[in-house]
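Working through the structure, step by step
Each chain, written out:
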Amino acid sequence: MTDSKSLKVLLYADGTPHSFSATVYAASLFASLDNMQLTILHINESVQGSIEGDYNLLETWSTNPHTDWVEHLINDQDSEKEREYSEILATTNKIFARKGHNVSRQTIYSNSNIPDITEAIIDYATKKNFELIIMGTRGLNSFKGLIYGSLAHSVLNKSDIPVLLIKKLPQDFIDSYRSAE
């Protein structure tokens, strides 16, 4: 670690269900580590360069279950799933708000192909001295990953910074997470 008093963690969030699992896991980790500084990284598809700055946490993680990315996660599920996601988001928001000074959100721009996004994530993490990258993954095996491509595995294989890949979380973890706050 660069500073013995803090652990700098980068969470890559792209709005997919796999990214949602990584966000929940990072929030759970964040709640239990007092010395963790969390940056949530979003990538917009463009070649215009990068934007850095502070954002309002309420804009980052909305508790409104009707935002676009939450609708994508729910994907026309029943009202029980919608209630579950709303509870999970509420718990995540409480954790992020409670430690708000240690959470930031950054947006950078990249071409939309896997090699360019991989390079953008690693370049940003390296320049900002992050000590851990957390990402969601679909959990493709090596052969499927080779055929379909995998951003998470590309970052894992090319990064000198440790990468924690999170698959879809088990229901018992979700249940204990929802009841933790």
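Along each chain, residues carry numbers from 1 onward, in the same order as the chain's sequence is written. Under the rules for a predicted model, residues below a pLDDT of 70 receive no local features and side-chain atom pairs below 80 are neither given nor counted, while totals for whole chains, interfaces and linings still include all residues. Values reported for side chains reflect all heavy atoms of the structure, with hydrogen atoms and water molecules removed beforehand.

**What about the nonpolar core?**
Counting residues in hydrophobic clusters, the biggest one holds 25 residues, and the most contacted among them are Leu38, Phe96 and Ile134. In this description a helix means any DSSP run of H or I spanning at least four residues, a strand means any run of E spanning at least two, and both kinds are numbered starting from the N terminus. Considering every element that reaches this core, the biggest residue donor is helix H1 (residues 17-32), with six residues. Side-chain atoms within 4.5 Å link the members of a nonpolar core, which is a set of buried Ala, Val, Leu, Ile, Met, Phe, Trp, Tyr and Cys residues. Relative accessibility decides the category of a residue: with a 1.4 Å probe and only protein chains considered, values under 20% of the type maximum give buried, values over 50% give exposed, and everything between is partly exposed.

**Focus on the pairing of strand E2 (residues 36-45)**
For E2, a buried count of seven out of ten residues is recorded, marking the element as mostly surrounded by other parts of the structure. With six bridges connecting them, strand E1 (residues 7-12) and E2 associate as parallel partners. Residue Leu7 lies in a different strand from E2, and its bridge partner there is Met36. With the strands pointing away from the viewer, any crossover whose connection runs clockwise from the first strand over the helix to the second is right-handed. Once the chain exits E1 it traverses H1 before rejoining the sheet at E2, and the crossover so formed is right-handed. Bridge analysis of E2 against strand E4 (residues 103-110) gives eight bridges, and the strand direction is parallel. Strands qualify as paired when DSSP identifies two bridges or more between them.

**Thoughts on the environment of Pro17**
Note on placement: Pro17 falls in helix H1. With a relative accessible area of 35%, Pro17 lands in the partly exposed category. The spatial distance from the C-alpha of Pro17 to the C-alpha of Arg138 is 8.9 Å, given a sequence separation of 121 residues.

**Details of the confidence of the model for the protein chain**
Per-residue confidence from the predictor is reported as pLDDT, which spans 0 to 100. Across the protein chain, the average pLDDT comes to 75, with 70% of residues at or above 70. We call two residues in contact whenever any of their non-hydrogen atoms come within 4.5 Å of each other. Across residues 49-70, where pLDDT falls below 50, the model places 52 contacts with residues more than four positions away in sequence or in other chains.

**A short note on the pattern of salt bridges**
Between side chains of opposite charge, pairing is possible as soon as their charged atoms come close. Whenever Lys or Arg places a side-chain nitrogen within 4 Å of a carboxyl oxygen from Asp or Glu, that contact is recorded as a salt bridge. Scanning the model with the defined rule gives one salt bridge in all. For Lys127, the salt bridge is made with Asp123, and the minimal N-O distance between the two is 3.3 Å. One end of the pair, Lys127, and the other, Asp123, are both in helix H5 (residues 114-127), four residues apart, so they sit about a helical turn from each other. Owing to a relative accessible area of 37%, Asp123 belongs among the partly exposed residues under this scheme.

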